[in-house]
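Structure assessment
Here is what each chain is made of, one letter per residue.
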Amino acid sequence: MNDSSVNDSSGGGYAVSAEFYDLLQAETDRRLAERRFAEAATRARHAVLDVGAGTGIVTEVLLRASSVPVHAVEPAPAMRAALLSRLAHLGADQRARVTVHAETLAAAGLAAVADLAVASNVVACLDPPTRRATWQAISAALLPGGLLLFDPPPTDLPAGCEEVGRLGPVRVGPDLYSADVTRRPHRGVLRMVFTYRVERGQELLREAREAFDLWPASPERLSEELEAAGLRLVQAPGADLMAARRPTA
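Treat the numbers as computed from the prediction; the structure is a model and nothing was measured.

**Let's talk about the packing of aromatic side chains**
Each pair of aromatic rings is reported with the distance of its centres and the angle of its planes. Scanning all chains against the criterion turns up six aromatic pairs. Here the aromatic rings of Tyr 14 and Phe 212 are separated by 5.0 Å at their centres, their planes lie at 35°, and the arrangement is tilted. In this pair, Tyr 14 sits in the loop between β1 (6-9) and α1 (17-42) while Phe 212 sits in strand β10 (residues 203-214), placing the two residues 198 residues apart along the sequence. What makes Phe 212 buried here is its relative accessible area of 10%. Measuring from centroid to centroid gives 6.1 Å for Phe 194 and Tyr 196, while their planes differ by 15°, and the two rings are stacked. Here Phe 194 and Tyr 196 have matching classes, each one buried. An aromatic cluster of three or more residues is present, and its members are Tyr 14, Phe 20, Tyr 177, Phe 194, Tyr 196 and Phe 212.

Here's what the structure looks like:
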């Protein structure tokens, strides 16, 4: 392997991961999104908000499950390129229901538009000030009685470096694509490192890494933040989710 084939990034902007994301994670993420969000989307009567749409896997699930407009918020250019590529392969009727917001939710300024908001694999990636601003923006975007569903961040840090698992391998022609995922404490946050590899036979063609920082938060802390934003915790539809509602009065 030539040294020039190694690419490392710790900016968390998905510049590395976007190439590999759908190939290694799309099917698992799709099944998870269908289990977590599809039923709630069928009950939406005004619009659905997808906070941190990524490559559009959840967006597509929401479109297929609902008949209302979907607001897909994705500020990262690399992921948004994949999102728009996914939308290009949908039917014109589904594309007509999607609005892509190329900025943060707070910057999008949506007000009282949706009766369902989902945030999949997003909240943990937000530092505390950004997380609190996002709760405020979600509360503003929801209609009275609107529901928020999200997977919560980790509650604490590991003692040391841990192996999370392996993604793939997935074959593309003669090549095998895979990723090893580790996590470790780093300056008070949880750093997730994805090491991607492309192999042909016994040869390593490319290796690239990208790191993402996750901010742990206890359920009690999240409850306080949600309440401050005008959202009240309610029973979630699954053990791996949290849910909050904007009160009707």
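**Examining the sheet that holds strand β5 (residues 114-119)**
If you trace the seven strands from one edge of the open sheet to the other, you get β4-β3-β2-β5-β6-β12-β11, paired in mixed fashion. Across the chains shown, the open sheet's two edge strands, defined by having one partner strand only, are β4 (98-101) and β11 (232-234). Going from strand to strand, the sheet's axes swing by 20° on average, the running direction of each strand aside. Relative to β5, strand β2 (residues 48-51) is paired through three bridges, and the arrangement is parallel. Across the sheet, the residue bridging to Leu 49 is Ala 117, located in β5.

**With respect to helix α6 (residues 128-141)**
Counted at 1.5 Å a residue, the expected span for α6 with its 14 residues is 20 Å, and the 20 Å between its end C-alpha atoms agrees. Within the span of α6, buried status applies to Arg 131, Thr 134, Trp 135, Ala 137, Ile 138, Ser 139 and Ala 141. Elements that come into contact with the buried residues of α6 comprise β2, α5 (105-108), β5, β6 (142-150) and α7 (219-228).

**Here's the deal with the side chain of Arg 131**
In this fold, Arg 131 is placed in helix α6. Here the side chain of Arg 131 touches Glu 225 through a polar contact of 2.7 Å, side chain to side chain. If near-sequence neighbours (up to four positions away) are discounted, Arg 131 is found in contact with Val 123, Leu 126, Trp 215, Pro 216, Ala 217, Arg 221, Leu 222 and Glu 225.

**Topic: the pairing of β10**
Sheet topology places strand β9 (residues 189-200) next to β10; eleven bridges connect them, and they run antiparallel. Paired with Thr 195 across the bridge in β10 is Arg 209. In sequence, β9 turns back onto β10 through a hairpin of two residues, with Gly 201 there showing a positive phi of about 65°.

**With respect to the packing of α1 against helix α3 (residues 77-88)**
It is the contact of α1 with α3, at a shortest axis distance of 11 Å, that shows an interaxial angle of 60°. Of the possible angle classes, the one that applies to α1 and α3 is oblique. In this structure, α1 meets α3 at a crossing whose hand is right-handed. Contacts between α1 and α3 involve Ala 18, Tyr 21, Asp 22 and Arg 30 on the former and, on the latter, Ala 78, Met 79 and Arg 86. Across the contact of α1 with α3, the residue classes break down as four nonpolar, no polar and three charged.

Rules of the game
Residues numbered from 1 in each chain as written. Predicted model: local features only at pLDDT ≥ 70, side-chain atom pairs only at ≥ 80, totals over all residues. Heavy atoms only, no water. Phe/Tyr/Trp six-rings, centres within 6.5 Å; stacked < 30°, edge-to-face > 60°. Helix = DSSP H or I, 4+ residues; strand = E, 2+ residues; numbered from the N terminus. Buried < 20%, exposed > 50% of the residue type's maximum accessible area, 1.4 Å probe, protein only. Pairing = 2+ DSSP bridges. Axes fitted to C-alpha atoms, helices over the stretch in contact; angles between N-to-C directions. Expected span 1.5 Å × (residues − 1). Contact = heavy atoms within 4.5 Å. Polar contact = N/O pair within 3.5 Å; in protein donor to acceptor, adjacent residues only side chain to side chain. Parallel < 35°, antiparallel > 145°, perpendicular 65-115°, else oblique. Left-handed = near helix turned anticlockwise from the far one by under 90°. Nonpolar A, V, L, I, M, F, W, Y, C, P; charged D, E, K, R; others polar.

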